[in-house]
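# Examining the three-dimensional arrangement
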Amino acid sequence: MIRVLSVTSECAPLVKTGGLADVAGALPAALAPLGCEMRTVLPGYRAVMDQIGKGKVIAKIDDLFGGPARILAAQVAGLDLLVVDAPHLYDRRGGIYLDAEGHDWPDNAERFAALSYAAAYLAQHGAGAWQADLVHSHDWQAGLVPEYLSALGCQTPFVFTIHNIAFHGNVDAARLSALQLDPWRFTPDHFEFWGQISALKAGLMGADKITTVSQTYAEELLTPAFGMGMEGVLRHRKADLTGIVNGIDTAIWNPATDATIKPFSTPKGKAANKKALRAEFGLPAADGPLCVLISRLTDQKGIDLLLQALPALLDRGGQLALLGTGDPALEVALLQRAATDDNIAARIGYDEALSHRMIAGGDAILVPSRFEPCGLTQLYGLRYGTVPLVSLTGGLADTVINASPAARAVGVATGVQFYPVTADALSAALGRLCDLYARPKDWARLQRNAMQQPVGWDASAQDYHALYASLLNGAVR
């Protein structure tokens, strides 16, 4: 048995802003059959506290960055949780990272330092009778764990996963004392980054092993184009960096049993969902593919490129239904396009059940990201026979097989890729997508291939287990 303390700022189904939550929520069940017992340390946001009930108090910390805290053990949705109940840090209105006006909480550094400290405390003292063999942290919010492990004299092995390196958690060096960090470790070998405290760098430099969420993204991170300033740090740690692609929960995302849609097990079964989706979005019948996009509306996700490339789809009788929220300027631009074209429909916001209906009813799913560490929506698309059109980057490159002539000749293609990540290349890819859709036999083969593609956690769970075991050298209880 390997006992793993997973440290994360969000975890589905309790609290979610993106793919990190899905991964944190899925890993425990994926690893359990391999002999891994994972407990998840999570901040006690209002939404979390509402779902765990009273919980069992397993530890108390008199002063956790400005106030008292308890650590509560609870089970929710099959997850073994260790919730950091610190009302002065987490019991507030607004989002988990942003206030009601959309600005970062000014004390985010302390809020997530508290998460990291609580995890280090549990690694040192145990969670009741349960003692972790290693700690696995996710993204900058849990990046200070190795600093607090060091301060506590705890030598528990530490794994750090990068889900998105664009966010560093940097703050001014004047907060060293407030964050209870050792000033002697404010060096390039630990957490100093261009004169600032960097929680992300602390995790990268303090980790025994570093993972990220696809093999291609692991390679991209070593370059200035994708490393976001951390490429030098990652090249220094290259020997300990590996890519393990994410999976999805194939029980929740199962077109044959999904209660939010009209269930189906073959591509032909998508027709009823497509009809329902058109009706829901007010789209007319059309000759081209019905494309869906479910995304944060940001330049990183290539939404500005899609706005430029849309004529390549619409001129061929294609349609677009989109769901997302993000950059206000992009939201306005998309709503304006939808208001002037009957073949575009836009919903601003997020709705989990609607996302299932969109993926079930769409012919294709668009993921034109400038960079994408792994991506999950293309995996949902594959599972539901909704052909992914993706940029050739990160996990998109690792999970979609481009419908090139060679791939089609041997019958292995599952989607359409484009490169470089420009509006012109995206336009050309939309044209290829429409060409494939116009050939029913080719399109049906793509859909069948997509639905047969393995998108679950089986292989990746094996990789995580092997990584954990390599750190422990057989020294597990």
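It should be emphasised that the depicted structure is a prediction, and the values quoted were computed from it without experimental measurement.

### Structural notes on the packing of helix H17 (residues 423-437) against helix H18 (residues 440-452)
Between H17 and H18, whose axes approach to 6 Å, the crossing angle comes to 105°. In this view, H17 runs roughly perpendicular relative to H18, as classed from their interaxial angle. Within the contact between the two elements, H17 uses Leu433, Leu436 and Tyr437 and H18 uses Pro440, Asp442, Trp443 and Leu446. When its residues are assigned to classes, the contact of H17 with H18 shows six nonpolar, no polar and one charged.

### Side note on the side chain of arginine 237
Within the secondary structure, arginine 237 sits in the loop between helix H9 (231-236) and strand S12 (241-243). Here arginine 237 falls in the buried class, since its relative accessible area comes to 9%. Contact partners of arginine 237, with chain neighbours within four places excluded, come to Leu204, Met205, Ala207, Asp208 and Ile210.

### With respect to the packing of aromatic side chains
In the structure shown here, the tally under the stated rule is 13 aromatic pairs. Relative to tyrosine 468, the ring of tyrosine 464 lies with its centre 6.3 Å away and its plane at 35°, an arrangement referred to as tilted. Taken together, the residues tyrosine 464 and tyrosine 468, both in helix H19 (residues 458-472) and four residues apart, mark about one turn of the helix. Accessibility classification places tyrosine 464 together with tyrosine 468 in one group, the buried group. Connected via pairs of aromatic rings, a cluster forms that spans Trp253, Phe264, Tyr380 and Tyr384. Over the ring of tryptophan 105 we find arginine 92, and its NZ or CZ is 4.7 Å from the ring centre. Over the ring of phenylalanine 281 we find arginine 347, and its NZ or CZ is 4.6 Å from the ring centre.

### Concerning the environment of histidine 88
Here histidine 88 lies in helix H3 (residues 87-90). For the pair histidine 88 and arginine 111, spaced 23 residues apart in the sequence, the C-alpha separation amounts to 9.1 Å. For histidine 88, the side chain forms a polar contact with the main-chain nitrogen of glycine 67, separated by 3.1 Å.

### Points about the sheet that holds strand S10 (residues 196-198)
Taken in spatial order, the three strands line up as S8-S10-S9 in an open sheet, and their pairing is antiparallel. Of all strands in the sheet, those with a lone pairing partner are strand S8 (170-172) and strand S9 (192-193), marking the two edges.

### What about the pattern of salt bridges?
Enumeration according to the criterion identifies 16 salt bridges in this entry. Put simply, arginine 175 and glutamate 110 hold a salt bridge, and the shortest N to O gap is 2.6 Å. With a gap of 65 residues between them, arginine 175 in the loop between S8 and S9 and glutamate 110 in helix H4 (residues 108-125) connect regions that are remote in the sequence. The class for arginine 175 is partly exposed, based on a relative accessible area of 24%. In this structure, the salt-bridge partner of aspartate 240 is arginine 237, at a minimum N-O distance of 2.9 Å. Its relative accessible area of 23% is what places aspartate 240 among the partly exposed residues. When salt bridges that share partners are traced, they join Lys16, Asp22 and Glu352 into one network.

### Remarks on the side chain of glutamate 331
Within the secondary structure, glutamate 331 sits in helix H12 (residues 328-340). There is no salt bridge for the buried glutamate 331, and the closest opposite charge comes from arginine 296, which lies 11 Å off by N-O distance. Within the structure, glutamate 331 has its side chain in polar contact with the side chain of threonine 325 (distance 3.0 Å). Every residue in contact with glutamate 331, bar those within four places of it in the chain, is listed here: Leu297, Thr325, Gly326 and Ile348.

### Some words on a nonpolar patch on the surface
On the surface, Ile401, Val410 and Val412 cluster together into a nonpolar patch covering about 230 Å² of accessible area. Relative to the helices and strands, valine 412 is located in the loop between helix H16 (405-409) and strand S18 (416-418).

### What about helix H6 (residues 199-206)?
Burial within H6 is extensive, with seven of its eight residues counted as buried. For H6, every residue scored as buried is listed here: Ala199, Leu200, Lys201, Ala202, Gly203, Leu204 and Met205. Buried residues belonging to H6 abut helix H5 (145-151), strand S7 (158-162), S9, S10, strand S11 (209-212) and H9.

Quick notes on the rules
Residues numbered from 1 in each chain as written. Predicted model: local features only at pLDDT ≥ 70, side-chain atom pairs only at ≥ 80, totals over all residues. Heavy atoms only, no water. Axes fitted to C-alpha atoms, helices over the stretch in contact; angles between N-to-C directions. Helix = DSSP H or I, 4+ residues; strand = E, 2+ residues; numbered from the N terminus. Parallel < 35°, antiparallel > 145°, perpendicular 65-115°, else oblique. Contact = heavy atoms within 4.5 Å. Nonpolar A, V, L, I, M, F, W, Y, C, P; charged D, E, K, R; others polar. Buried < 20%, exposed > 50% of the residue type's maximum accessible area, 1.4 Å probe, protein only. Phe/Tyr/Trp six-rings, centres within 6.5 Å; stacked < 30°, edge-to-face > 60°. Lys NZ or Arg CZ within 6 Å of the ring centre and 35° of its normal. Polar contact = N/O pair within 3.5 Å; in protein donor to acceptor, adjacent residues only side chain to side chain. Pairing = 2+ DSSP bridges. Salt bridge = Lys/Arg side-chain N within 4 Å of Asp/Glu carboxyl O. Lys, Arg positive; Asp, Glu negative; His and termini not counted. Patch = residues over 30% accessible without salt bridge, like charges linked within 9 Å, V, L, I, M, F, W, Y side chains within 5 Å. Areas by Shrake-Rupley, 256 points an atom, 1.4 Å probe, with all protein chains shown as cover.

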